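Coordinate inspection notes
Chain by chain, the residues run as shown.
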Amino acid sequence: MKINFKLNGKEVTKEVEVYKRAIDFLRDDLKITSIKEGCGEGECGACTIIVNGKTVHSCLMLAVELDGKEIITLEGVEDSIKMAFVKAGAIQCGFCTPGFIISTKYLLDNNPTPSEEEIRDALEGNLCRCTGYVKIIEAVKIAAKGCENND
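Here's a quick rundown of the structure. (Residues numbered from 1 in each chain as written. Predicted model: local features only at pLDDT ≥ 70, side-chain atom pairs only at ≥ 80, totals over all residues. Heavy atoms only, no water.)

**Quick look at the packing of helix 2 (residues 79-87) against helix 3 (residues 97-110)**
The following threshold applies: Each axis is a line fitted through C-alpha atoms, taken for helices only over the stretch in contact, and angles between the N-to-C directions span 0 to 180 degrees. Helix and strand labels come from DSSP, where a helix needs a run of H or I of at least four residues and a strand needs a run of E of at least two; each type is numbered from the N terminus. Small angles under 35 degrees read as roughly parallel and large ones over 145 as roughly antiparallel, with 65 to 115 read as roughly perpendicular and the rest as oblique. Here a crossing is called left-handed whenever its near helix is offset anticlockwise from the far helix by less than a right angle, and right-handed whenever the offset is clockwise. By definition, residues are in contact when any of their heavy atoms lie within 4.5 Å.
Packing of helix 2 against helix 3 leaves a shortest axis separation of 10 Å and a crossing angle of 125°. Overall, the two elements helix 2 and helix 3 adopt an arrangement that is oblique. Considering the relative orientation of helix 2 and helix 3, their crossing is right-handed. For the pair helix 2 and helix 3, contact is made by I81, K82 and F85 and by T97, F100, I101, T104 and K105, respectively.

**Considerations on the pairing of strand 3 (residues 48-51)**
Worth spelling out the cut-off: Throughout this description, buried means an accessible area under 20% of the type-specific maximum (1.4 Å probe, protein chains only), exposed means over 50%, and partly exposed covers the range between. For two strands to pair, DSSP has to find at least two bridges joining them.
The alternating pattern of strand 3 places T48 and I50 and I49 and V51 on opposite faces, both of which are buried. When strand 3 meets strand 4 (residues 54-57), the two strands line up antiparallel, connected through 4 bridges. Bridging across to strand 4, I49 finds its partner in V56. Inspection of the sheet shows strand 3 paired to strand 5 (residues 70-72) by 2 bridges, in the antiparallel sense. Across the sheet, the residue bridging to I50 is I72, located in strand 5.

Below is the structure:
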């Protein structure tokens, strides 16, 4: 089946098998390797993408569902958010980082000045086995300050 969608601001038209998951299509066919498969059950957040302004676990979505949609992956996120994670030392092995950064983008797009509780709630579906979350929360706070300075 032929699908048309916008990926990180660029129009894409591709053939896709109707049974293929979005994560496999994005990683294997389009070479968007920032999307990781951790659990394959929508529990870890490593495969999180933004579809039409909402976070989605791409392991639970079929590629054909991307048709007509606007998708944002790590590659489409502002560098200021990525740099906040670097500055806070919130990246260790890096496996979970794209999902956290996507969740951060979603949060800040909808709430540029979140409280710590709102940050924790926004990151709830993302799992990290390395950092203990303190530095990740600090990264979101740094990114939010960057958003305040851009207003």
